[in-house]
Amino acid sequence: MKESKSENLSDQIRFVLIRPTHPGNVGGVARAMKTMGLSRLTLVAPVVSLPCHDATRRAAGADDILAGIDVYDDLSSAVKDCRLIIGTTARKRSIEWPQLSPREAAQNLCRESRQGPVALLFGQERSGLANPEVEQCHYLVRIPTSPDYSSLNLASAAQIMAYEIKLMSGTHGSSDLRELPRYADQESMSRFYKHLEEVLLELDFPIARPPVKLMRKLMRLFSKARPDEEELQILRGILTAVQQQIAKKC
Ligand code: SAH
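Notes on the structure in this doc start here. (Residues numbered from 1 in each chain as written. Predicted model: local features only at pLDDT ≥ 70, side-chain atom pairs only at ≥ 80, totals over all residues. Heavy atoms only, no water.)

1. Some points on the packing of aromatic side chains
Evaluation of the coordinates by the stated rule reveals three aromatic pairs. Measuring from centroid to centroid gives 5.2 Å for Phe-15 and Phe-122, while their planes differ by 45 degrees, and the two rings are tilted. With Phe-15 in strand E1 (residues 13–18) and Phe-122 in strand E6 (residues 118–122), the pair connects residues that are 107 residues apart, well separated along the chain. Taken individually, Phe-15 and Phe-122 each receive the classification buried, so the pair is uniform in this respect. Three or more aromatic residues link up through ring pairs in this structure, and these residues are Phe-192, Tyr-193 and Phe-222. Positioned above the aromatic ring of Tyr-183, the side-chain terminus of Arg-226 is 3.8 Å from the ring centre. (Phe/Tyr/Trp six-rings, centres within 6.5 Å; stacked < 30°, edge-to-face > 60°. Helix = DSSP H or I, 4+ residues; strand = E, 2+ residues; numbered from the N terminus. Buried < 20%, exposed > 50% of the residue type's maximum accessible area, 1.4 Å probe, protein only. Lys NZ or Arg CZ within 6 Å of the ring centre and 35° of its normal.)

This is how it looks when you write it as structure tokens:
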């Protein structure tokens, strides 16, 4: 397995804020990241517009991180090259998703950042992550809190996760890298899900149209399985063969 080209592995760990509404929080996250040696901040469909006084004030010297922010219209574009995506959430979700502790999440992010970009997602201040965003995650993380009040400020949650990453960085040797499969990236997984849904709809299979719930379950299954590039190619090949059979019968 080749080591990523980046000299600095922390450049490969992307903090992704989804639809942030308060510029001060964006500044606070930039500061939290900088204190722990992280630098890649991404915003998805931000409701805030930058540069802005509140963001700069709360960044308190982390202006370089604000200046280097990447902005995307949608989450898929922001994480298409990532092989590991972890979402943070304040509450237990109605959809069951594999969970990690903050430390385990940090460990996995550090380990897999040796292979390429990885992402840690943060939801909107008021509503958190929406279900379609959770579906793009391999794991969810909940920072333990008082059972009476679990919702941390966005920048505080980012600070805790950045600290955990700092603790875990540098703890993985090259032997870890050899054991790491070449997991499929998010863009390939999205194409596979689209193909799978297409085939399910072509089959005479009793499903809702569109099969939202079934697709969610299948996405959870494949997120848990984490196919590598070769395994995903095999699955795509099977889907294509099924489509060819269907076409012959028509
Ligand atoms: N009502 C929302 C709270 C959003 S707080 C919810 O239930 O998710 C804004 C963001 O901060 C969350 O989406 C999450 O990314 C992060 N966050 C807040 N508290 C957290 C906690 N206890 N554990 C993990 N992330 C948390």
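2. Quick notes on unusual backbone geometry
For the peptide bond that leads from Leu-50 to Pro-51, omega is 0 degrees, which places it in the cis range. Take Pro-51: it is sitting in the loop between strand E2 (40–44) and helix H2 (53–59). Going from Arg-209 to Pro-210, the amide bond is cis rather than trans, its omega being 0 degrees. Secondary-structure assignment places Pro-210 in the loop between helix H9 (186–202) and helix H10 (212–225).

3. Some points on the environment of Glu-112
Mapped onto the secondary structure, Glu-112 falls in helix H5 (residues 102–112). Residue classification places Glu-112 among the buried residues on the basis of a relative accessible area of 4%. Along the sequence, Glu-112 and Pro-181 sit 69 residues apart, while their C-alpha atoms lie 9.7 Å from each other. Those residues in contact with Glu-112 that sit more than four places away from it in its chain are Leu-84, Val-118, Leu-180, Tyr-183 and Arg-226. (Contact = heavy atoms within 4.5 Å.)

4. So, the site of the ligand
Of all residues adjacent to the ligand, which total 20 residues, the nearest are Thr-88, Arg-91, Ile-143, Ser-150 and Leu-152. A distance of 2.6 Å is found between an oxygen atom of the ligand and a side-chain nitrogen or oxygen belonging to Thr-88. Contact between the ligand and Leu-152: a nitrogen atom at 2.9 Å from a main-chain N or O atom of the residue. In this structure, the ligand is accommodated by the largest pocket. Taken together, the residues of the shell around the ligand sort by class into seven nonpolar, nine polar and four charged. (Near = heavy atom within 4 Å. Polar contact = N/O pair within 3.5 Å; in protein donor to acceptor, adjacent residues only side chain to side chain. 1 Å grid on protein atoms, 1.4 Å probe; cavity = no way out; pocket = protein on both sides within 12 Å on 5 of 7 lines; lining within 4 Å. Sits in = over half its atoms within 2 Å of the grid points. Nonpolar A, V, L, I, M, F, W, Y, C, P; charged D, E, K, R; others polar.)

5. Overview of the layout of surface pockets
Of the voids in this model, the largest pocket is the one considered here, and its volume is about 380 Å³. Together, 24 residues line the largest pocket, and Thr-89, Ala-90, Gly-128, Ser-151 and Leu-152 are the ones closest to its centre. Taken together, the residues that form the lining of the largest pocket break down as eight nonpolar, 11 polar and five charged. In this structure, the second largest pocket encloses a volume near 220 Å³. (Points joined across faces, edges and corners; volume = space filled by probe spheres on them.)

6. A short note on the pattern of salt bridges
Under the counting rule described, the total for this entry stands at 11 salt bridges. Between Arg-14 and Asp-81 there is a salt bridge; the shortest N-O distance is 2.9 Å. Of this pair, Arg-14 sits in strand E1 while Asp-81 sits in the loop between helix H4 (75–79) and strand E4 (84–88), placing them 67 residues apart in sequence. Overall, the relative accessible area of 6% leaves Arg-14 in the buried class. Measuring nitrogen to oxygen at the nearest pair gives 2.6 Å for the salt bridge that ties Glu-133 to Arg-19. Highlighted residues: Glu-133 in helix H6 (residues 131–134) and Arg-19 in the loop between E1 and helix H1 (23–35), separated in sequence by 114 residues. (Salt bridge = Lys/Arg side-chain N within 4 Å of Asp/Glu carboxyl O.)

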